[in-house]
Amino acid sequence: MTSPTELPLRQRVARIAPFFSGTRTGFVLAIIGSVVAASTEPLVPALLRIVLDKGWKDSSFPVWMVPAAIIGLTALRGLAGFIANYGLSWAANRGVIAIRSSMFDRILDAHPSLFTSQSASSLINAVTYQVQGAATQIVFSLQGLVRDSLTL
């Protein structure tokens, strides 16, 4: 039998995907938040270009609108980032609960020799901390990939 680290990425993702099947809402929120944040990224330099290139001479628009728009964009980007982080955290926590539940069920059905060969602390560590760390890394890597790809 091959170890999980020797499997291709697609197969490894396919193995954990069922645990995240009920978290589509969180991922959709995260993608929407990332799209909004990435789409507003080039708008701030565009607004600053208006002030820097045209300066205060052009009276075709009120100058006070540029700082107001920058503050509004900053607030919008903050809200979009919050929504993206909240959605991903929600999805990650739901997935972690599903993985932990599955692992705990497997421990309950395990052969008694498992408990003589493994210490209780290593089993507890695997069920609690390793699952949390792995799920968090996977989910936030996905967020970084989406956000950076959209920004680019």
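As a reminder, the structure under discussion sits directly above these lines.
A brief report on the enclosed structure follows. Just so it is clear, the model here is predicted, and its values are computed rather than measured. Position labels on residues start from 1 in each chain and follow its written sequence. With pLDDT at 70 or above as the cut-off, local features in this predicted model cover only qualifying residues; side-chain atom pairs require 80 or more to be listed or tallied, and sums for whole chains, interfaces and linings still use all residues. Only heavy atoms go into the side-chain values, all of them from the structure, while hydrogens and water stay out.

Some words on a nonpolar patch on the surface
Threshold: Put simply, a patch holds well-exposed residues, over 30% relative accessible area, that have no salt bridge, with like charges counted together within 9 Å and Val, Leu, Ile, Met, Phe, Trp or Tyr side chains within 5 Å. Only the protein chains shown count as cover for residues, with accessible areas throughout obtained via the Shrake-Rupley method and a probe of 1.4 Å. Salt bridges are counted wherever a side-chain nitrogen of Lys or Arg sits within 4 Å of a carboxyl oxygen of Asp or Glu. Working definition: helices are DSSP H or I runs of at least four residues, strands are E runs of at least two. Numbering for both runs from the N terminus. Between buried and exposed lies partly exposed: a residue is buried under 20% and exposed over 50% of the maximum accessible area for its type, with that area taken using a 1.4 Å probe on protein chains only.
A cluster of nonpolar side chains, contributed by Leu29, Leu79, Phe82, Ile83 and Tyr86, occupies part of the molecular surface with about 480 Å² of accessible area. Considering the arrangement of structural elements, one finds Leu29 in helix H2 (residues 24-40). On the basis of relative accessible area, Leu29 is assigned to the partly exposed category, the value being 34%.

Quick word on the packing of H2 against helix H4 (residues 65-108)
Under the convention used in this document: Only C-alpha atoms enter the line fits that serve as axes; for helices the fit covers just the stretch in contact. Angles between N-to-C directions range over 0 to 180 degrees. Oblique is the label for any angle not covered by the other classes, which are roughly parallel (under 35 degrees), roughly antiparallel (over 145) and roughly perpendicular (65 to 115). Left-handed describes a crossing whose near helix is turned anticlockwise from the far helix through less than a right angle; right-handed describes the clockwise counterpart. Pairs of residues are marked as contacts when any of their non-hydrogen atoms sit within 4.5 Å. Charged means Asp, Glu, Lys or Arg here, nonpolar means Ala, Val, Leu, Ile, Met, Phe, Trp, Tyr, Cys or Pro, and polar covers whatever is left, Gly included.
Here H2 crosses H4 at 155°, and the two axes come no closer than 7 Å. With respect to H4, the axis of H2 lies roughly antiparallel. Where H2 crosses over H4, the handedness of that crossing is left-handed. Between H2, through Thr25, Gly26, Phe27, Leu29, Ala30, Gly33, Ser34, Val36, Ala37 and Thr40, and H4, the contact on the second element is made entirely by Leu73, Leu76, Arg77, Ala80, Ile83, Ala84, Gly87, Leu88, Trp90 and Ala91. Each residue belonging to the contact of H2 with H4 can be placed in one class, and the counts come to 13 nonpolar, 6 polar and 1 charged.

With respect to helix H6 (residues 120-151)
In plain terms, the rule: Helix span, as expected, comes to 1.5 Å for every residue beyond the first. Across the chain, bend at a residue is computed as the angle between axes fitted to the seven residues ending at that point and the seven starting from it.
In this model H6 runs 46 Å from its N-terminal to its C-terminal C-alpha over 32 residues, within 8% of the 46 Å that 1.5 Å per residue would give. In H6, a bend of some 40° at Ala126 exceeds every other bend along the element. Buried residues of H6: Leu123, Ala126, Val127, Val131, Ala135, Val139 and Gln143, and no others.

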